[in-house]
Amino acid sequence: MSSPLPILFTALSYYLSVQTTLGDNNPGTTPNIQNIFIGRCYDYELVKYKTLLPPITETCENLWTKFSASFSYMAPCDVTMNHYDSYMLAASQKIPVNKTMFWSGVKELVHEYAANGQRYVTLEDTLIGYLAEGLVFCGQESAPGMNYSRCPSWWECPFEAGEAFWAHASQTFASAASGQVTVMLDGSSTGKPAYRQDSFFGKYELPYLKKGVVTNVRVFLVHALDAPMSETCLNGSLKLLEEDVVSRGFSFSCLDDPLAILHLLCVDEPADRECKLATDHVTSGGRLASHSFALTRQPLIISAKLDRFDGLPSRG
Ligand code: AVW
């Protein structure tokens, strides 16, 4: 008779994988969430973003009351976007014209580039996004009204408390955009297209841009260093995005790897083939760049200057 051990082992592996898939290790509401929220709020208004965006009139304590009332003492899956209406109304800010930056798949890079709102303003630079970034929160019907043991994964409810919050936050953010808006997307992902109609950007931001207020949608399509380009501005999901943008009445433009962003990637990988800058020679009249290396997909990089805002050259 064969040993039962392999069967037991297979069954155990299956059980463990199912447990992991079901998210039994999900954290509950972040401990001390109230203190974190109110502390961040004061930091935002008095120190960190003091002059970036217009201040709001609501106190930090009132904001916490409105935020927590949106989901506490409710079953976690019963929270809808509308529950956050009063909080979003109280905390929304005007975004300076031409400064709105959306993103998909490039969370860290986009925030490095946006530079805490100095270069561009992301959702996470607004008060609404800043206060909730990285926090876990969900309700329960019994006291204390929030579940500190386990919050469901987003896919366990039609609309989980956190998902409903971020969906509403995205809509509010997109509705406040004006002029040129920019979206940074990942052109190197093999698992999913750079633009997806079911991403937060595709579902809750692009459709909420105001016609006549927003003029054009500009894409920065970023590719990882020395990785294959899954998509470029001229193919794949970027064509779909162009159609979706134009059909909404905005003009569309797309840049593959603006040099400013390439240089940012190179900060961490200065020795990478794509990061080799031209050798500078000091001449009597100034600096002259010379190039002696051949690259397959990178144009010559003449200046290491970080370009800002408009007219960014690209690595096409
Ligand atoms: P993303 P998006 N379950 O990089 O356009 C758990 O794909 O969607 O870009 N977490 C999720 C889920 C989910 N189903 N979907 C998204 N996330 C979280 C707000 C996850 O943490 C900003 F303004 C992932 O790293 C951007 O323009 C993050 O959402 C836009 O929405 C981003 O997902 C970015 O959302």
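By convention here, each chain's residues receive numbers from 1 onward along its written sequence. The predicted origin of the model limits local features to residues at a pLDDT of at least 70 and limits the giving and counting of side-chain atom pairs to 80 or more, whereas totals for whole chains, interfaces and linings rest on all residues. Computation of side-chain values: all heavy atoms of the structure, hydrogens and water removed.

With that out of the way, let us pick up the confidence of the model for the protein chain. Taken residue by residue, the protein chain gives an average pLDDT of 84. The fraction at 70 or more is 80%. What pLDDT conveys is the predictor's confidence in a given residue, as a value from 0 to 100. Contact between two residues is taken to exist if any of their heavy atoms lie within 4.5 Å; hydrogens are not considered. Segment residues 1-22 is flagged for pLDDT under 50; beyond a separation of four residues in sequence, or across chains, it makes 5 contacts in the model. Below a pLDDT of 50 lies the segment residues 280-311, which in the model reaches 67 contacts outside its immediate sequence neighbourhood of four places, other chains included.

With that settled, the discussion passes to the nonpolar core. By convention a nonpolar core is built from buried Ala, Val, Leu, Ile, Met, Phe, Trp, Tyr and Cys residues, the set being connected through side-chain atoms within 4.5 Å. A simple rule labels every residue: compare its accessible area, found with a 1.4 Å probe on the protein chains alone, to the largest value its type can have, and call it buried under 20%, exposed over 50%, or partly exposed in between. In terms of nonpolar packing, the biggest core is built from 65 residues, with Leu63, Tyr84, Phe165, Leu209 and Leu241 touching the most fellow members. Looking at which element gives the most residues to this core, the answer is helix 7 (residues 161-175), with 8 residues. Look past the residues within four positions of phenylalanine 165 in its chain and what remains in contact with it is Phe67, Tyr84, Tyr87, Met88, Ile128, Ala132 and Phe137. Listed in part, the 14 residues of the second largest apolar core include Leu109, Tyr120, Met184 and Leu255. Strands are runs of DSSP state E lasting at least 2 residues, helices are runs of H or I lasting at least 4, and numbering of each runs from the N terminus.

In this section: a nonpolar patch on the surface. Two distance rules govern patches: like charges are joined within 9 Å, and nonpolar side chains (Val, Leu, Ile, Met, Phe, Trp, Tyr) within 5 Å, applied only to residues with over 30% relative accessible area and no salt bridge. Here the Shrake-Rupley method, with its probe set to 1.4 Å, supplies the accessible areas, and only the displayed protein chains count as covering residues. Every case where a carboxyl oxygen of Asp or Glu lies within 4 Å of a side-chain nitrogen of Lys or Arg is listed as a salt bridge. Judged by side-chain polarity, Tyr42, Leu46 and Val47 come together as a nonpolar surface patch covering roughly 300 Å² of accessible area. Counting through the fold element by element, valine 47 comes out in helix 2 (residues 33-48). Judged by relative accessible area, which is 58%, valine 47 ranks as exposed.

What surrounds the ligand is a group of 13 residues, the closest being Ser104, Gly105, Arg196, Phe200 and Glu205. In the analysis that follows, any N or O atom pair within 3.5 Å is treated as a polar contact, provided that within protein one partner can donate a hydrogen and the other can accept it, and provided that, for residues neighboring in sequence, both atoms belong to side chains. Within the contact set of the ligand, an oxygen atom lies 2.8 Å away from a side-chain nitrogen or oxygen of arginine 196. One nitrogen or oxygen atom from the main chain of phenylalanine 201 is found 3.0 Å from an oxygen atom belonging to the ligand. Isolated, the ligand exposes 680 Å² of accessible area, and the fraction of that covered by the protein chains is 68%. In this structure, the ligand is accommodated by the largest pocket. Neighbouring residues are identified by heavy atoms, a residue being near a molecule or strand if any of them is within 4 Å of it. For cavity detection a 1 Å grid was placed over the protein atoms alone, and a set of points counts as a cavity when a 1.4 Å probe fits there but cannot get out; an open set counts as a pocket when protein lies on both sides within 12 Å along at least five of seven lines, with lining residues being those that have an atom within 4 Å of a point. Pocket or cavity membership: a molecule qualifies when more than half of its atoms sit within 2 Å of the grid points of that site.

On to unusual backbone geometry, then. Residue alanine 143 is joined to proline 144 through a cis peptide bond whose omega torsion reads 5°. In this structure, proline 144 sits in the loop between helix 6 (127-132) and helix 7. At asparagine 116, a position not held by glycine, the phi torsion is positive, near 50°. Tracing the backbone shows asparagine 116 in the loop between helix 5 (107-114) and helix 6. Backbone geometry places aspartate 226, a non-glycine residue, at a positive phi of 55°. Assignment of secondary structure puts aspartate 226 in the loop between strand 3 (214-222) and helix 9 (237-247).

Take glutamate 205: it is sitting in helix 8 (residues 200-205). The charged-residue count follows a simple rule in which Lys and Arg add positive charge and Asp and Glu add negative charge, with His and chain termini not counted at all. Look at glutamate 205: it is buried, it has no salt bridge, and the nearest opposite charge is arginine 196 at 10 Å. Polar contacts involving the side chain of glutamate 205 include one to the side chain of serine 170, which spans 3.0 Å. Contact partners of glutamate 205, with chain neighbours within four places excluded, come to Phe102, Ser170, Phe173, Ala174 and Phe200.

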